[in-house]
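Notes for the structure review
If you want the building blocks of each chain, they are given just below.
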Amino acid sequence: ELRMIHLECHPAHPMDLNASVFANLTKLTSVIVEDLSSTQLAAIAEHCPCLETLSIRCANSHEQSSTVEDVVNVLRNCPIQTLAVPKLQGTERGDIHIREMCEANDTLVTLKVSLLLWKLSDSYYSYMSEEKIELMKIEAFSASSGRIRLRVSRKGGENKRS
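Quick caveat: nothing in here was measured; it's all calculated off a predicted structure. Just so you know, the residues in each chain are numbered from 1, in the order the chain's sequence is written. Where local features are concerned, this predicted model is filtered to residues with pLDDT of at least 70; where side-chain atom pairs are given and counted, the filter is 80 or more; whole-chain, interface and lining totals use all residues. As a rule here, side-chain values come from all non-hydrogen atoms in the structure, and water together with hydrogens is ignored.

1. Observations concerning the pattern of salt bridges
The term salt bridge refers to a pairing of a side-chain nitrogen on Lys or Arg with a carboxyl oxygen on Asp or Glu at a separation within 4 Å. This model, assessed by the stated rule, comprises 4 salt bridges. With its nearest N and O atoms 2.6 Å apart, the salt bridge here joins Arg 99 to Glu 103. One end of the pair, Arg 99, and the other, Glu 103, are both in helix H3 (residues 94–103), 4 residues apart, so they sit about a helical turn from each other. Looking at Arg 99, the relative accessible area reads 23%, which means it is partly exposed. Where Arg 99 meets Glu 139, a salt bridge forms, and the shortest distance between an N and an O atom there is 2.4 Å. Of the two residues, Arg 99 sits in helix H3 while Glu 139 sits in helix H4 (residues 122–144), which places them 40 residues apart along the sequence. Residue burial is assigned from relative accessible area. The probe radius is 1.4 Å, only protein chains are included, and a residue is buried under 20% of its type maximum, exposed over 50%, and partly exposed in between. The exposure class assigned to Glu 139 is buried, which follows from its relative accessible area of 16%. A single salt-bridge network, built from bridges that share partners, covers Arg 99, Glu 103 and Glu 139. Helix numbering and strand numbering both begin at the N terminus, where a helix is a DSSP run of H or I of at least 4 residues and a strand a DSSP run of E of at least 2.

2. A look at the nonpolar core
As used in this record, nonpolar core signifies buried Ala, Val, Leu, Ile, Met, Phe, Trp, Tyr and Cys residues forming a set joined through side-chain atoms within 4.5 Å. By size, the foremost hydrophobic cluster in this structure holds 43 residues, and its most contacted members are Leu 54, Leu 83, Ile 98, Met 101, Leu 111 and Val 113. Looking at this core, the elements that each hand over two or more residues are strand S2 (30–33), helix H1 (38–47), strand S3 (53–56), helix H2 (68–77), H3, strand S5 (110–114), H4 and strand S6 (149–153). Top contributing element to this core by residue count: H2, with 5 residues. Whether two residues are in contact is decided by their heavy atoms: any pair within 4.5 Å suffices. Leaving out residues up to four positions away in the same chain, Leu 83 has contacts with Leu 54, Val 71, Leu 75, Met 101, Leu 108, Thr 110, Leu 111 and Lys 112.

Rendered as structure tokens:
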């Protein structure tokens, strides 16, 4: 049975992967893709109970973009150990999103996100970034009792580790 999906596509030609593809992939342990829609993430949450690694490199590239809630749903239903969603956009409270993700399952050990979880304007990325990263680290540590290694990038820039 298929255990890993690693798909890369050009941003100008987004992947149109039918969500029903995941219905028979119950042994899938790793998904590394450029983008997934809300529908595709819901199918993964429902049909992939062995999924340990999820990496979505360029979330939010189409009209049915994945949301923080979609990612939390996958975390609640799959034993994810490594989650990388560096382009996932949130609302104005990135620290709350970190807490939601960290509390959603007890197997997560590595979480890679960016300051896009704060939905900050460009002028705030340099001005407020250290404060926002520190708040995210505090939430990750508190919500997971120190279990989760958090990596935060600045709009695709260099990572900060907790």
